[in-house]
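# Reading the structure
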Amino acid sequence: MGPVTAAHAGTYRCRGFHPHSSTGRTAPSNPLKIIVTGFHRKPSLLALPAPLVKSGQTVILQCWSDIMFEHFILHRKGVIADLLHIVGDPHDGDSQANFSIGPMTTDLAGTYRCYGSVTHSPYEWSAPSDPLDIVITGLYEKPSLSAQPGPTVQPGENVTLSCSSRSWFDMYHLSREGEAPELRLPAVPSINGTFQAHFPLGPATHGGTYRCFGSFRGSPYEWSAPSDPLSVSVTGNPSSGWPSPTEPGSKTGNPRHLHVLIGSSVVIILFIILLFLLIHRWWSNKKNAAVMNQEPGEDRRVNREDSEEQDPQEVTYAQLDHCIFTQRKITHPSQRPKRPPKETSVYMELPNAEPRLKVVSCP
């Protein structure tokens, strides 16, 4: 049969033919339903409260769609006759159905999918939801979980979680609180007689609470009791949560953030340099203004020899030009004489080898 279309969907039976039978035909076989899937978008399947279920507890599998399905069907992988049908519950333009699974036993653990259908086309179902593994826990002794280099690390420091047990396991599974376990590694015997596996989480950026489980290859849906919870924290970043170890973003930095940090640093450095130049210019202007405003008596020229070569008996002269001082203070620039006046010099020797003054008087 095929290529399969909607015309192939329906209920089938078969009969046998006996030429020597009074009726000529056998009784019909049991009915066989042929379902064609993929006529609608796939719904979503969610486990409440979690896909990890302790032995004896009950889990709710919620199948949801934004399409108004009248019926939802739950299917467990490998089991043909175990289909569960529930009438959909419409709500605000959506539809959903809650399948109660439990009390949990090893027979109920497995991989589940759900479908949606409408009443007038019971053999035409939607595409299947994504698979959901329901695991029963608590069947074996719990392993132990530790962190290397420790449960408290610096940002960017590499973290590795080690799951180990003295009981023999084929596989270890790592679970982060609030998420389905997605990491698993084979158990390896160690020199101290334990079976262990090391889960590298990469550079630490966030914190989280972890547990690990042990299992065997022949029963992948039957796990041990969970290890004691291990809380991993990152110092200096208390407001964040640790991303899932399977997320690519947890192992690589964000280059955009790095560019923003570098750009901000350059702007701050340029601002500091500009501020320094403005302060230096302001100070120089202030110093020059102070020199210009000094008393005229301080406006003098001093000729001084090198201090190391200066003779103690040498006389140093300082010249005070009172003529220029007088002209600046009293005489208007246009009324100044064109010819400089003759200088009259007066010398006076000061005690203790102080510099000598040459006083120039105006006529």
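All of the points below concern the structure found in this document. These figures come from a predicted structure and were not determined experimentally.

### A short note on the overall build of the chain
Helix and strand counts for the chain stand at 2 helices and 26 strands. By the burial criterion, 27% of the 363 residues in the chain qualify as buried. Restricting to contacts in the chain with at least 6 residues of sequence separation, those with at least 24 account for 63%. Accessible surface computed for the chain: about 24,400 Å², of which carbon and sulfur atoms make up 56%.

### Overview of the packing of aromatic side chains
Under the counting rule described, the total for this entry stands at 8 aromatic pairs. For the pair Tyr115 and Trp125, a centre-to-centre distance of 5.3 Å together with 45° between the ring planes defines the contact as tilted. Remark: Trp125 occurs in strand 11 (residues 121–125) and Tyr115 occurs in strand 10 (residues 110–118); sequence separation between them is 10 residues. Judged by its relative accessible area of 12%, Tyr115 falls in the buried class. For Trp125, a relative accessible area of 6% gives the class buried. Cluster of aromatic residues (ring-pair linked, three or more members): Tyr140, Trp168, Phe169, Tyr172 and Phe216.

### Looking at a nonpolar patch on the surface
A cluster of nonpolar residues, Ile268, Phe271, Ile272, Leu275 and Ile279, forms a patch on the protein surface that exposes about 520 Å² of accessible area. Here Ile279 shows up in helix 1 (residues 255–292).

### Some words on the nonpolar core
Counting residues in each nonpolar core, the largest one holds 21 residues, and the members touching the most others are Leu45, Val59, Leu61, Leu74 and Ile134. At the level of elements, strand 3 (44–48), strand 5 (59–65), strand 6 (71–76), strand 9 (94–101), strand 10 and strand 12 (132–137) are the ones that each hand at least two residues to this core. Not counting residues within four places of it along the chain, the set of residues in contact with Ile134 comprises Ala47, Pro51, Val53, Val59, Leu61, Met104, Ala109, Gly110, Tyr112 and Tyr221.

### Brief notes about the sheet that holds strand 8 (residues 89–91)
Read across the open sheet, the 4 strands follow the order 3-5-9-8; overall the sheet is antiparallel. The open sheet is flanked by strand 3 and strand 8, the only strands paired with a single partner. Neighbour-to-neighbour, the strand axes of the sheet open up by a mean angle of 30°, direction not taken into account. With 5 bridges joining them, strand 3 and strand 5 adopt antiparallel strand pairing. In the strand pairing of strand 5, Leu46 is matched with Gln62.

### Thoughts on the sheet that holds strand 19 (residues 195–203)
With respect to topology, 4 strands assemble into an open sheet ordered 13-15-19-18, the strand pairing being antiparallel. Taken across any chain shown, the strands that pair with only one partner, and hence form the sheet edges, are strand 13 (144–148) and strand 18 (188–189). In this sheet, strand 15 (residues 158–165) lies alongside strand 13 in antiparallel orientation, the contact comprising 5 bridges. In the sheet register, Ser144 faces strand 15, and the bridge partner there is Ser164.

Cut-offs and rules
Residues numbered from 1 in each chain as written. Predicted model: local features only at pLDDT ≥ 70, side-chain atom pairs only at ≥ 80, totals over all residues. Heavy atoms only, no water. Helix = DSSP H or I, 4+ residues; strand = E, 2+ residues; numbered from the N terminus. Buried < 20%, exposed > 50% of the residue type's maximum accessible area, 1.4 Å probe, protein only. Contact = heavy atoms within 4.5 Å. Areas by Shrake-Rupley, 256 points an atom, 1.4 Å probe, with all protein chains shown as cover. Phe/Tyr/Trp six-rings, centres within 6.5 Å; stacked < 30°, edge-to-face > 60°. Patch = residues over 30% accessible without salt bridge, like charges linked within 9 Å, V, L, I, M, F, W, Y side chains within 5 Å. Salt bridge = Lys/Arg side-chain N within 4 Å of Asp/Glu carboxyl O. Core = buried A, V, L, I, M, F, W, Y, C linked by side-chain atoms within 4.5 Å. Pairing = 2+ DSSP bridges. Axes fitted to C-alpha atoms, helices over the stretch in contact; angles between N-to-C directions.

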